[in-house]
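In case you want the letters, here they are:
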Amino acid sequence: MGRTSAAVLVLCALPFYLDAFWLRIGLFSMAAAIGAVGLGLLSGTAGQLSLGHAFFLAVGAYGYVWLAGEPGPGLPTAVAAVLAVLLAGAAGGLFSPVAGRVRGVYLGVATLALVFLGHHVLLTADSVTGGFNGRSVPPLELGGFSFSADSELTLMGVPFGAEERLWYLGVALFALTWFTARGLLRGRPGRALVALRDSETAAAVMGVNVSRYRSAAFVVSSMYAGLAGVMLALSFRRVVPDYFGLVLSVDYLAMIVIGGLGSVAGAAAGAVFVTALPLLMTRYADQLPLVAAPGTTDGPVGPTEAARYLYGAAIVLILLFAPDGLHGLVRRLRARLRGRRAAPPPVAGTTSASLPPTSAARAKEPTP
């Protein structure tokens, strides 16, 4: 609990010291972590392969923009955000009968169809999505407080713009995601999903409703993705269809593989790695070898492509040397350090050769 409180205090203090670039990286990373936790529950815990996570992110993002904007119902932004998350969950519910009956690579292909279908709808439904150019995102307002830079706000001499305000919203939403996901994994639903992943036959014998839990996992994962889509829309301030393509779904798979399948902390760590790496390489491209700065052709690859090569190599290394991801690697290192601290020091003047073997039988004395 002390570590959690310290982490919260550090996160709350960062907007007073970081500039806008680092705050944007944090916002995008927190939004990605929310979506990665949802995909981790579906693919890592329940064992259902999904390549359609970008579709549900788009439902959340565009659902919020349309519900809160014009053209659209023009609902209060807080209500629109909640309804957008529920809309993503409803989309997952409509697809859940397929998820309840199809598994393995066939489910992956079925979810892949969602990405292409959703991208086509985003491009053609101009009145709702704005077409190829997308739509601007209405700023979120809660109780008269706007998460934008329209009104002036200064705290302790630090001007709080949109990034600083959204930072605390992102921390709150990520904390909500963290605790709800961990509670779900530690409860009966989490045990049922793990049983499904290990053996559906054994889970059914133990009384687990296989179709019901498979469908529920898809709905819950879709709601997390919808929440991530809302957060991404607020951070980008404009949504365009090309962002929610197959590449985004592959990025989310990379996040949970690198971080560790079935781990909430691992999914968050993988999300930070995959999200921050291309942004950092773009910022420091002129200082990196073989990487072309944005807008130039000085290097053989651009920063985005170089970042994809790097985390592609990271996936290969993870699969070869740490199949349980970064979370498992850190857990093993902690266990090894605790083992070293707990090992008693050797007694002076005593060697292993001088100690009798514990398993040796006592020699029988001769009978007088």
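Please refer to the structure placed before this passage.
Please read these numbers as outputs of a predicted model, since none were measured by experiment.

### A look at the overall build of the chain
- When its secondary structure is counted, the chain shows 14 helices and six strands.
- On the principal axes, the C-alpha backbone points of the chain span a range of 110 × 55 × 50 Å.
- Expressed as a percentage of the 368 residues in the chain, the buried residues total 44%.
- Counting contacts in the chain only where the partners sit at least 6 residues apart, residues at least 24 apart contribute 72% of the total.
- Only carbon and sulfur atoms are counted for the fraction: they give 67% of the accessible area of the chain, which is about 19,700 Å².
- Side-chain charges of the chain comprise 26 positive and 17 negative groups, with the mean position of each set lying 18 Å from the other.

### Re helix α8 (residues 188-198)
- Where α8 is concerned, the buried positions are G190, A192, L193, A195 and L196.
- Contacts made by the buried residues of α8 are with α2 (20-45), α7 (162-186), α9 (200-205) and α10 (210-236).

### A look at the side chain of S222
- The residue S222 is located in helix α10 in this model.
- Those residues within four positions of S222 in sequence are excluded, and the remaining contacts are F56, A88, G89 and G92.

### Thoughts on the packing of α2 against α7
- For the pair α2 and α7, the least separation of the axes is 9 Å and the interaxial angle reads 20 degrees. One finds that α2 runs roughly parallel with respect to α7. The element α2 and its partner α7 pack so that their crossing is left-handed. Residues A20, W22, L23, R24, G26, L27, M30, A33, I34, V37, L41 and T45 of α2 form the contact with α7, whose own contacting residues are E163, E164, L166, W167, G170, V171, L173, F174, T177, A181, L184 and L185.
- Of the residues assigned to the contact of α2 with α7, the class counts are 17 nonpolar, four polar and three charged.

### Some points on empty space enclosed by the protein
- The final tally for this structure, using the stated rule, is one cavity of 30 Å³ or more.
- Its volume calculated, the largest cavity comes out at about 40 Å³.
- Along its surface, the largest cavity is lined by A36, V37, G40, L41, T45, L185, G262, S263, V264 and A267.
- Mapped onto the lining of the largest cavity, the elements with two or more residues apiece are α2 and α12 (264-283).
- Of the residues forming the lining of the largest cavity, the biggest block, five residues, is contributed by α2.

### Regarding a nonpolar patch on the surface
- On the surface, a nonpolar cluster with roughly 320 Å² of combined accessible area is contributed by V79, V82, L83 and L86.
- Within the secondary structure, V79 sits in helix α4 (residues 77-101).
- Classification of V79 as partly exposed rests on a relative accessible area of 39%.

### What to know about the packing of α7 against α10
- Look at α7 against α10: their axes get within 11 Å of each other, and the N-to-C directions meet at 170 degrees. Regarding the angle of α7 to α10, the classification is roughly antiparallel. Contact with α7, carried on its side by L166, L169, G170, L173, T177, T180 and A181, involves Y224, L227, M231, L234 and S235 of α10 and no other residues of that element.
- In the contact of α7 with α10, the residues fall into eight nonpolar, four polar and no charged.

### Focus: helix α11 (residues 246-259)
- With 14 residues, α11 ought to run about 20 Å at 1.5 Å a step, and its terminal C-alpha atoms sit 20 Å apart, in line with that.
- Taking burial as the measure, the 14 residues of α11 include ten buried ones, the bulk of the element.
- Within the sequence span of α11, burial applies to L248, S249, D251, Y252, L253, A254, M255, I256, I258 and G259.
- Phi for G260, located one or two positions after α11, is positive at around 125 degrees.

The rules we used
- Sequence order as written defines residue numbering, which begins from 1 separately in each chain.
- The predicted nature of this model means local features are confined to residues of pLDDT at least 70 and side-chain atom pairs, given and counted, to a pLDDT of 80 or more, with totals for whole chains, interfaces and linings taken over all residues.
- Hydrogen atoms and water are omitted, and side-chain values are computed over all heavy atoms in the structure.
- Put simply, DSSP marks the helices as runs of H or I at least four residues long and the strands as runs of E at least two long, and each gets a number from the N terminus on.
- Here's how the labels work: a residue is buried when its accessible area is under 20% of the maximum for its type, exposed when over 50%, partly exposed in between, all with a 1.4 Å probe on protein chains only.
- Here, two residues are considered to be in contact whenever any of their heavy atoms come within 4.5 Å of each other.
- Surface accessibility follows the Shrake-Rupley procedure with a 1.4 Å probe radius. Residue values consider only the protein chains on display as shielding.
- His residues and chain termini do not enter the charge count, which takes Lys and Arg as positive and Asp and Glu as negative.
- A charge is said to be at NZ when it belongs to Lys, at CZ for Arg, at CG for Asp and at CD for Glu.
- To define axes, lines are fitted to C-alpha atoms, for helices over the stretch in contact only, and angles between the resulting N-to-C directions are given on a 0 to 180 degree scale.
- Angular relationships are summarised with four words: roughly parallel below 35 degrees, roughly antiparallel beyond 145, roughly perpendicular across 65 to 115, and oblique for the angles in between.
- A clockwise turn of the near helix away from the far one marks a right-handed crossing, whereas an anticlockwise turn of less than a right angle marks a left-handed crossing.
- Throughout, the ten residues Ala, Val, Leu, Ile, Met, Phe, Trp, Tyr, Cys and Pro are labelled nonpolar, Asp, Glu, Lys and Arg are labelled charged, and all others, Gly among them, are labelled polar.
- Only protein atoms enter the 1 Å grid used here. Points where a 1.4 Å probe fits but cannot escape make up a cavity, open sets with protein on both sides within 12 Å along at least five of seven lines make up a pocket, and a residue lines them when an atom lies within 4 Å of a point.
- Grid points are joined across faces, edges and corners, and a volume is the space filled by probe spheres set on the points.
- Think of a patch as exposed residues, more than 30% relative accessible area, with no salt bridge, where like charges cluster within 9 Å and nonpolar side chains (Val, Leu, Ile, Met, Phe, Trp, Tyr) cluster within 5 Å.
- In the sections that follow, a salt bridge refers to a side-chain nitrogen of Lys or Arg positioned within 4 Å of a carboxyl oxygen of Asp or Glu.
- Helix span, as expected, comes to 1.5 Å for every residue beyond the first.

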